[in-house]
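As a plain string of letters, each chain reads:
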Amino acid sequence: MGKKVLVIGQGGREHALVWKLSQSPEIEKIYAAPGNPGMEPLAECVAIEATDIEGLAEFVRRSDISLTVVGPEAPLVKGIVDRFRQAGMLIFGPTAAAARLEGSKVFSKNLFKKYGIPTARYEVFEDIAAAQACARNIIETGQAAVIKADGLAAGKGVVIAQNQAEADDAIQSIMLDKSFGDAGNQIVIEEFLVGEELSFFAISDGENFVTLMSAQDHKRVFDNDKGPNTGGMGAYTNPPLYSEQLHQQIIARIIKPTIEAMQKEGCPYQGVLYAGLMITAEGPKVLEYNARFGDPETQVLMPMIKSDLLPVLEGSAAGNLHGCKVDIDKGACVGVVLASGGYPGAYAKGKAITGLDRLQADTIVFHAGTVLKDGQLLTDGGRVLAVVSRGQSFADAIHKVYQEVDKLNFEGMHYRRDIGRRALN
Ligand code: AMP
Ligand code: GLY
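Residues numbered from 1 in each chain as written. Chains lettered and ligands numbered in written order. Predicted model: local features only at pLDDT ≥ 70, side-chain atom pairs only at ≥ 80, totals over all residues. Heavy atoms only, no water.

Student: Help me understand the overall build of the chain in this model?
Tutor: Counting its regular elements, the chain contains 13 helices and 21 strands. For a compact globule of 425 residues, the expected C-alpha radius of gyration is about 22 Å, and the chain comes in at 21 Å, within 12% of that figure. Taking the principal axes of its C-alpha atoms as reference, the chain extends roughly 60 × 50 × 45 Å. Out of the 425 residues belonging to the chain, those deemed buried represent 57%. A total accessible area of about 17,500 Å² is found for the chain, and carbon and sulfur atoms account for 48% of it. For the chain, the distance from the average position of its 43 positive side-chain charges to the average position of its 52 negative side-chain charges is 2 Å. (Helix = DSSP H or I, 4+ residues; strand = E, 2+ residues; numbered from the N terminus. Rg over C-alpha atoms; globule rule 2.2 N^0.38 Å. Buried < 20%, exposed > 50% of the residue type's maximum accessible area, 1.4 Å probe, protein only. Areas by Shrake-Rupley, 256 points an atom, 1.4 Å probe, with all protein chains shown as cover. Lys, Arg positive; Asp, Glu negative; His and termini not counted. Charge placed at Lys NZ, Arg CZ, Asp CG, Glu CD.)

Student: Help me understand the site of ligand 2 in this model?
Tutor: The environment of ligand 2 is made up of D217, G231, Y274, N290, R292, G294, D295, P296 and E297. Between a nitrogen atom of ligand 2 and a side-chain N or O atom of D217, the distance comes to 2.7 Å. Within the backbone of D295, one N or O atom sits 2.9 Å away from an oxygen atom of ligand 2. Within the complex, 87% of the 200 Å² of free accessible area of ligand 2 lies under protein. (Near = heavy atom within 4 Å. Polar contact = N/O pair within 3.5 Å; in protein donor to acceptor, adjacent residues only side chain to side chain.)

Student: Is there a simple way to think about the layout of surface pockets in this case?
Tutor: Counted as a void, the second largest pocket has a volume near 280 Å³. As for the second largest pocket, its lining consists of 15 residues, of which H15, G38, L356, V365 and H367 are closest to the centre. At the level of secondary structure, the elements contributing two or more residues to the lining of the second largest pocket comprise helix 1 (12-21) and strand 18 (364-367). Looking at the lining of the second largest pocket element by element, the count peaks at 3 residues for strand 18. Residue composition of the lining of the second largest pocket, by class: 9 nonpolar, 5 polar and 1 charged. (1 Å grid on protein atoms, 1.4 Å probe; cavity = no way out; pocket = protein on both sides within 12 Å on 5 of 7 lines; lining within 4 Å. Points joined across faces, edges and corners; volume = space filled by probe spheres on them. Nonpolar A, V, L, I, M, F, W, Y, C, P; charged D, E, K, R; others polar.)

Student: I keep staring at helix 2 (residues 53-63) and nothing clicks. Help me out?
Tutor: At 3.6 residues per turn, the α-helix brings residues three or four places apart onto the same side. When we look at burial in helix 2, the residues that qualify are I53, G55, L56, A57, F59, V60 and S63. For helix 2, the elements touching its buried residues are strand 1 (3-9), strand 2 (27-34), strand 4 (67-70), helix 3 (73-77) and helix 4 (80-86). Remark: D64 follows helix 2 within two positions and exhibits a positive phi of approximately 60°. (Contact = heavy atoms within 4.5 Å.)

Student: Help me out: how do you make sense of the sheet that holds strand 7 (residues 145-149) in this one?
Tutor: As a general point, the strands of a sheet are linked pairwise by backbone hydrogen bonds and lie either parallel or antiparallel. Spatial strand order, 6-9-7-8: 4 strands in an open sheet with antiparallel pairing. Strands at the two margins of the open sheet, each flanked by one partner only, are strand 6 (122-125) and strand 8 (158-161). Across the sheet, the mean angle from the axis of one strand to that of its neighbour is 20°, orientation sign disregarded. Pairing analysis gives 4 bridges linking strand 7 to strand 8, with the strands arranged antiparallel. (Pairing = 2+ DSSP bridges. Axes fitted to C-alpha atoms, helices over the stretch in contact; angles between N-to-C directions.)

Student: Can you help me understand the site of ligand 1 in this one?
Tutor: Around ligand 1 sit 15 residues, and of these E190, E191, L193, E197 and E288 come closest. Take K105: an N or O atom from its side chain is 3.3 Å from an oxygen atom of ligand 1. Separating a nitrogen atom of ligand 1 from a backbone N or O atom of L193 is a distance of 2.8 Å. Burial of ligand 1 by the protein chains amounts to 87% of its free accessible area of 470 Å². Within the residue set of the shell around ligand 1, elements represented by two or more residues are strand 7, strand 8, strand 9 (187-191) and strand 16 (283-290). For the shell around ligand 1, the class distribution of residues is 8 nonpolar, no polar and 7 charged.

Student: Before we go on, may I ask you to explain the environment of F366 in this structure?
Tutor: As for its position among the elements, F366 is in strand 18. A C-alpha to C-alpha distance of 30 Å links F366 and E244, two positions 122 residues apart in sequence. Residues in contact with F366, not counting those within four places in the same chain, are G12, H15, A16, W19, Q299, P303, V384, L385, A386 and V388.

Student: Please clarify how the packing of helix 6 (residues 105-115) against helix 9 (residues 244-264) should be interpreted in this entry.
Tutor: Think of two packed helices as two axes; the pair is described by the angle between the axes and how far apart they sit. Remark: helix 6 packs on helix 9, axes separated minimally by 10 Å, with the N-to-C direction vectors making an angle of 105°. Of the possible angle classes, the one that applies to helix 6 and helix 9 is roughly perpendicular. Here F107, L111 and Y115 of helix 6 come into contact with helix 9, specifically with A261, M262 and K264. (Parallel < 35°, antiparallel > 145°, perpendicular 65-115°, else oblique.)

Next up, the structure:
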């Protein structure tokens, strides 16, 4: 009998995880909760919300599932791993204490300072006037002040303030108006780092780790990084700036010390460690950690992993990655997100998606915001689909992906035309 696995979540990231796991020879059946229509051919979707920890635990027990894989951060921070472990169920992801690496900027920044892990200089505030004074001091030197809510804020808790009015607004909104609730009880104010951003992924069992790849996300909605931030409009793997020397620096200065620090703090980190890095003139520095896979980075990482992912996730969850290896493809992989008209602002749903039947066999489409109604695929979210192509080179993969994107359509569809272009320069 093969194994049964549950993937928690409903976005493009979780579709990519389901897609990759479906290639494991050891797996007989995949469930997704709540899943999305794109996963249907590969997984049985069950209508349980990602944060319904008791509902999920009950389902896992009843369905004889041997491994649960958590996609989004909310159930991690809520303690799903602790709950499952207490019940003796194998689950991939960090405990609530370890997920503080993402869930609390104050925790993570203090950890970096204590263990000498390179990051932007910062101060923590609970008092509005003191926070405003700190921002003023930074801005008076001609620098931008980076203002961050302590807790989770759905990717909106960071403001880069260029002047005092912007800083005051941000501090007031987070601390006084509580725009992110208790996430704003404390704030971090830090220096603005200049450099190129890079996402780096490793999987740890609490002590040992394997490295996956690096990727670059495109957070702004429009070409040339214009317009407001989004959840991510596209990504590509291993950008040219990612050299062997940089890889070694990231491991030695950031990943290894973080895993050791978490062990010393009594909350060993098991799961995927997603480091948001700034590659500065002084080398890599951590902007933030996430306790989960990136979205849309996962959509370009998974197609590049040649080995079976299941033993790595099981090894991490069981605290035994010993002997696990991850083989990575040599080529390039580029993913373009197709978004609803208006996203990241207000947008309409229920638009018919056409052209999927015209794509080449080796093109991968990951669903994020889609719904199936009377046999027709409709848009159902801001980020709708990610189209992913692999190639021998970046030029190859970029050319292919945009040829495929041109075949797809829905009313209001928009996407960036420059995904991966930086890799060509
Ligand atoms: P975070 O959620 O901490 O990753 O911040 C979101 C985004 O804000 C990052 O992806 C960066 O683009 C930017 N950012 C955060 N901190 C800094 C910083 N200290 N210097 C420059 N940009 C930053
Ligand atoms: N790609 C950004 C994120 O997953 O947070």
